[in-house]
Amino acid sequence: NNSSSSSETVTACDSYTWNGTTYTTSGSYDQMFTNAAGCDSTATLNLTINYSSSSSETVTACDVYVWNGMTLTTSGIYDTTYTNAANCDSTATLDLTINYSSSSSETVTACDSYLWNGVTYTTSGIYDTTYTNAAGCDSTATLNLTINPSTTSSVSVTECDTYTWNGAAYSSSGTYTYSTTNSNGCDSTATLNLTINNSSSSLQVVTAC
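None of these values were measured; they are calculated from a predicted model.

This next bit is on the overall build of the protein chain. Within the protein chain, the secondary structure is distributed over zero helices and 20 strands. Relative to the 2.2 N^0.38 estimate, which gives 17 Å for 209 residues, the radius of gyration of the protein chain is 49 Å and therefore markedly larger than a compact globule would have. Structurally, the protein chain occupies a C-alpha span of about 190 × 20 × 20 Å along its principal axes. Out of the 209 residues belonging to the protein chain, those deemed buried represent 24%. A sequence separation of at least 24 residues applies to 53% of the contacts in the protein chain between residues at least 6 apart. For the protein chain, the exposed area adds up to about 13500 Å²; of that, 46% sits on carbon and sulfur atoms.

So, on to the environment of N87. Positionally, N87 belongs in the loop between strand 9 (76-83) and strand 10 (89-99). For N87, a relative accessible area of 61% puts it in the exposed group. A sequence separation of 36 residues divides N87 from Y51, and the C-alpha atoms of the two residues are 8.8 Å apart.

So, about the sheet that holds strand 16 (residues 151-160). Judged by pairing direction, the sheet is mixed, and its three strands sit side by side in the order 16-20-19 without closing on themselves. Pairing within the sheet leaves two strands with one partner each, and these edge strands are strand 16 and strand 19 (174-181). On average, adjacent strands in this sheet sit at an angle of 20° to one another, irrespective of strand direction. The pairing of strand 16 with strand 20 (residues 187-197) spans ten bridges and is parallel. Within the sheet, the bridge partner assigned to V157 lies in strand 20 and is L194.

Turning our eyes to something else, we now look at the state of the cysteines. What makes a disulfide is a covalent bond joining the sulfur atoms belonging to two cysteines. Tallied over the entire structure, the rule returns three disulfides. Disulfide pairing is shown between C62 and C137; the S-S distance is 2.1 Å. In this structure the cystine formed by C62 and C137 twists about its S-S bond by roughly -95°; its chirality is therefore left-handed. Pair noted here: C62 is in strand 6 (residues 53-62) and C137 is in the loop between strand 14 (125-132) and strand 15 (138-148), with a separation of 75 residues, a long-range link. Its relative accessible area of 1% is what places C137 among the buried residues. Note on cysteine connectivity: C111 is disulfide-linked to C186, with sulfurs 2.1 Å apart. Every disulfide takes its handedness from the sign of the S-S torsion; for C111 and C186 that torsion is -90°, giving left-handed. Here C111, found in strand 11 (residues 102-111), pairs with C186, found in the loop between strand 19 and strand 20; they are 75 residues apart in sequence, far enough to count as distant. Taking the relative accessible area as the measure of exposure, C186 reaches 1% and is therefore buried. Indicated for the protein chain is the disulfide connectivity 1-3, 2-5, 4-6, based on numbering the bonded cysteines in sequence order.

This paragraph deals with the sheet that holds strand 9. Paired through backbone hydrogen bonds, the strands of a sheet run either parallel or antiparallel to each other. With mixed pairing, three strands are arranged side by side in an open sheet as 6-10-9. Where the open sheet ends on each side, the last strands, each with one partner, are strand 6 and strand 9. When the angles between neighbouring strand axes are averaged without regard to direction, this sheet yields 20°. Relative to strand 10, strand 9 runs antiparallel, the two sharing eight bridges. Across the sheet, residue T80 finds its bridge partner in strand 10, namely A92.

Thresholds applied
Residues numbered from 1 in each chain as written. Predicted model: local features only at pLDDT ≥ 70, side-chain atom pairs only at ≥ 80, totals over all residues. Heavy atoms only, no water. Helix = DSSP H or I, 4+ residues; strand = E, 2+ residues; numbered from the N terminus. Rg over C-alpha atoms; globule rule 2.2 N^0.38 Å. Buried < 20%, exposed > 50% of the residue type's maximum accessible area, 1.4 Å probe, protein only. Contact = heavy atoms within 4.5 Å. Areas by Shrake-Rupley, 256 points an atom, 1.4 Å probe, with all protein chains shown as cover. Pairing = 2+ DSSP bridges. Axes fitted to C-alpha atoms, helices over the stretch in contact; angles between N-to-C directions. Disulfide = S-S within 2.5 Å.

Structure follows, in C-alpha coordinates:
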(Lines give C-alpha, C1' and ligand atoms only; values in the text may rest on other atoms or scores of the structure.)
Protein backbone atom coordinates (compact mmCIF):
# COMPACT_ATOMS: atom_id res chain seq x y z
CA ASN A 1 0.00 0.00 0.00
CA ASN A 2 1.26 3.42 -0.85
CA SER A 3 1.64 6.47 1.32
CA SER A 4 -0.03 9.60 -0.01
CA SER A 5 0.48 13.35 0.06
CA SER A 6 -1.49 16.45 -0.71
CA SER A 7 -0.68 20.12 -0.97
CA GLU A 8 -2.74 23.30 -0.96
CA THR A 9 -1.83 26.93 -1.32
CA VAL A 10 -3.88 29.44 0.64
CA THR A 11 -3.82 33.23 1.02
CA ALA A 12 -5.76 34.55 4.04
CA CYS A 13 -6.18 37.71 6.06
CA ASP A 14 -4.79 37.82 9.62
CA SER A 15 -5.23 34.07 10.43
CA TYR A 16 -6.14 30.72 8.92
CA THR A 17 -7.45 27.57 10.62
CA TRP A 18 -6.33 24.29 9.03
CA ASN A 19 -7.07 20.88 10.40
CA GLY A 20 -7.88 22.32 13.83
CA THR A 21 -4.82 24.56 14.08
CA THR A 22 -4.94 28.35 13.66
CA TYR A 23 -1.98 29.94 11.89
CA THR A 24 -1.20 33.71 11.98
CA THR A 25 2.06 33.81 10.02
CA SER A 26 2.95 32.83 6.49
CA GLY A 27 4.83 29.58 5.96
CA SER A 28 4.73 25.98 4.81
CA TYR A 29 3.06 23.63 7.26
CA ASP A 30 2.81 19.81 7.25
CA GLN A 31 0.48 17.46 9.03
CA MET A 32 0.70 13.67 9.15
CA PHE A 33 -2.20 11.26 9.41
CA THR A 34 -3.09 7.77 8.16
CA ASN A 35 -4.80 7.28 4.84
CA ALA A 36 -7.50 4.74 4.01
CA ALA A 37 -4.83 2.15 3.13
CA GLY A 38 -3.34 2.44 6.60
CA CYS A 39 -0.23 4.22 5.36
CA ASP A 40 1.18 7.67 6.07
CA SER A 41 -0.49 10.62 4.39
CA THR A 42 1.28 13.97 4.40
CA ALA A 43 -0.75 17.18 3.94
CA THR A 44 1.15 20.35 3.15
CA LEU A 45 -0.22 23.87 3.51
CA ASN A 46 1.57 26.70 1.71
CA LEU A 47 0.13 29.65 3.59
CA THR A 48 0.41 33.36 2.93
CA ILE A 49 -0.99 35.58 5.67
CA ASN A 50 -1.81 39.17 4.75
CA TYR A 51 -2.79 41.58 7.46
CA SER A 52 -5.65 43.92 7.99
CA SER A 53 -4.69 47.52 8.75
CA SER A 54 -6.04 50.42 10.73
CA SER A 55 -5.44 54.14 10.94
CA SER A 56 -6.64 56.89 13.22
CA GLU A 57 -6.70 60.66 12.96
CA THR A 58 -7.94 63.47 15.18
CA VAL A 59 -9.41 66.51 13.47
CA THR A 60 -10.94 69.79 14.65
CA ALA A 61 -12.96 71.63 12.01
CA CYS A 62 -15.44 74.49 11.69
CA ASP A 63 -19.08 73.70 10.85
CA VAL A 64 -18.48 70.79 8.46
CA TYR A 65 -15.82 68.22 7.56
CA VAL A 66 -15.71 65.95 4.52
CA TRP A 67 -14.05 62.58 5.17
CA ASN A 68 -13.97 59.59 2.84
CA GLY A 69 -16.95 60.95 0.93
CA MET A 70 -19.00 61.66 4.05
CA THR A 71 -20.06 65.18 5.02
CA LEU A 72 -19.96 65.41 8.81
CA THR A 73 -21.51 68.24 10.81
CA THR A 74 -21.38 66.92 14.38
CA SER A 75 -18.55 65.88 16.67
CA GLY A 76 -18.00 62.16 17.17
CA ILE A 77 -15.90 59.10 16.39
CA TYR A 78 -16.45 57.73 12.88
CA ASP A 79 -15.20 54.50 11.28
CA THR A 80 -15.01 53.39 7.70
CA THR A 81 -13.80 50.04 6.36
CA TYR A 82 -12.33 49.39 2.93
CA THR A 83 -9.91 46.93 1.31
CA ASN A 84 -6.19 47.62 1.50
CA ALA A 85 -3.49 46.75 -1.06
CA ALA A 86 -3.19 43.25 0.43
CA ASN A 87 -6.92 42.73 -0.20
CA CYS A 88 -7.67 42.68 3.56
CA ASP A 89 -9.87 44.91 5.65
CA SER A 90 -8.53 48.34 6.49
CA THR A 91 -10.32 50.35 9.16
CA ALA A 92 -9.92 54.12 9.35
CA THR A 93 -11.08 55.95 12.47
CA LEU A 94 -11.77 59.67 12.71
CA ASP A 95 -12.00 61.43 16.09
CA LEU A 96 -13.79 64.59 15.01
CA THR A 97 -14.52 67.81 16.89
CA ILE A 98 -16.83 70.24 15.11
CA ASN A 99 -16.78 73.84 16.29
CA TYR A 100 -19.35 76.24 14.95
CA SER A 101 -19.24 79.64 13.34
CA SER A 102 -21.36 82.30 14.99
CA SER A 103 -23.28 85.39 13.96
CA SER A 104 -24.85 88.39 15.62
CA SER A 105 -27.01 91.27 14.45
CA GLU A 106 -27.87 94.65 15.87
CA THR A 107 -30.11 97.49 14.69
CA VAL A 108 -28.97 101.03 15.42
CA THR A 109 -30.36 104.48 14.68
CA ALA A 110 -27.83 107.30 15.07
CA CYS A 111 -27.43 110.97 14.24
CA ASP A 112 -24.92 111.98 11.54
CA SER A 113 -22.40 109.16 12.12
CA TYR A 114 -21.86 105.92 14.03
CA LEU A 115 -18.61 104.26 15.15
CA TRP A 116 -18.75 100.45 14.94
CA ASN A 117 -15.82 98.07 15.26
CA GLY A 118 -13.36 100.86 14.59
CA VAL A 119 -15.10 102.18 11.45
CA THR A 120 -17.11 105.41 11.29
CA TYR A 121 -20.25 105.14 9.13
CA THR A 122 -22.10 108.21 7.86
CA THR A 123 -24.75 106.61 5.64
CA SER A 124 -27.57 104.18 6.36
CA GLY A 125 -27.04 100.58 5.28
CA ILE A 126 -26.32 96.99 6.30
CA TYR A 127 -22.70 96.37 7.23
CA ASP A 128 -20.89 93.13 8.04
CA THR A 129 -17.60 92.41 9.75
CA THR A 130 -15.99 89.00 10.21
CA TYR A 131 -13.60 87.95 12.93
CA THR A 132 -12.63 84.74 14.75
CA ASN A 133 -14.68 83.57 17.71
CA ALA A 134 -13.41 81.76 20.81
CA ALA A 135 -13.75 78.40 19.04
CA GLY A 136 -11.44 79.54 16.24
CA CYS A 137 -14.24 79.75 13.68
CA ASP A 138 -15.67 82.66 11.73
CA SER A 139 -17.98 85.02 13.55
CA THR A 140 -20.02 87.44 11.45
CA ALA A 141 -21.49 90.56 13.01
CA THR A 142 -24.15 92.48 11.09
CA LEU A 143 -25.12 96.10 11.70
CA ASN A 144 -28.47 97.40 10.42
CA LEU A 145 -27.77 101.12 10.53
CA THR A 146 -30.06 104.10 10.05
CA ILE A 147 -28.34 107.49 9.96
CA ASN A 148 -30.53 110.51 10.54
CA PRO A 149 -29.00 113.93 9.82
CA SER A 150 -28.87 116.88 12.12
CA THR A 151 -30.40 120.05 10.62
CA THR A 152 -29.49 123.72 10.52
CA SER A 153 -31.34 126.84 9.47
CA SER A 154 -30.45 130.52 9.23
CA VAL A 155 -32.52 133.70 9.06
CA SER A 156 -31.54 137.36 8.76
CA VAL A 157 -33.81 139.95 10.37
CA THR A 158 -33.73 143.75 10.61
CA GLU A 159 -36.00 145.15 13.30
CA CYS A 160 -36.60 148.29 15.26
CA ASP A 161 -35.65 148.44 18.93
CA THR A 162 -36.35 144.77 19.85
CA TYR A 163 -37.05 141.37 18.32
CA THR A 164 -38.56 138.28 19.93
CA TRP A 165 -37.27 134.96 18.60
CA ASN A 166 -37.98 131.51 20.03
CA GLY A 167 -39.31 133.05 23.24
CA ALA A 168 -36.39 135.41 23.82
CA ALA A 169 -36.40 139.19 23.27
CA TYR A 170 -33.27 140.67 21.68
CA SER A 171 -32.53 144.43 21.70
CA SER A 172 -29.00 144.35 20.30
CA SER A 173 -27.72 143.45 16.88
CA GLY A 174 -25.78 140.17 16.68
CA THR A 175 -25.76 136.52 15.69
CA TYR A 176 -27.77 134.22 17.93
CA THR A 177 -28.26 130.45 17.89
CA TYR A 178 -31.02 128.24 19.18
CA SER A 179 -30.61 124.47 19.55
CA THR A 180 -33.44 121.94 19.71
CA THR A 181 -34.27 118.45 18.47
CA ASN A 182 -35.69 117.79 15.02
CA SER A 183 -38.37 115.23 14.12
CA ASN A 184 -35.71 112.49 13.77
CA GLY A 185 -34.47 113.10 17.29
CA CYS A 186 -31.24 114.74 16.11
CA ASP A 187 -29.83 118.18 16.79
CA SER A 188 -31.43 121.12 15.03
CA THR A 189 -29.57 124.44 15.17
CA ALA A 190 -31.21 127.69 14.08
CA THR A 191 -29.14 130.85 13.55
CA LEU A 192 -30.48 134.41 13.71
CA ASN A 193 -28.51 137.20 12.07
CA LEU A 194 -30.18 140.20 13.76
CA THR A 195 -29.86 143.88 13.00
CA ILE A 196 -31.56 146.19 15.50
CA ASN A 197 -32.22 149.74 14.41
CA ASN A 198 -33.18 152.05 17.20
CA SER A 199 -36.15 154.39 17.08
CA SER A 200 -35.29 158.07 17.68
CA SER A 201 -36.96 161.01 19.39
CA SER A 202 -36.35 164.75 19.52
CA LEU A 203 -37.54 167.62 21.72
CA GLN A 204 -38.10 171.14 20.43
CA VAL A 205 -39.07 174.08 22.68
CA VAL A 206 -40.61 176.97 20.82
CA THR A 207 -41.92 180.37 22.00
CA ALA A 208 -43.95 182.16 19.40
CA CYS A 209 -46.30 185.22 19.16
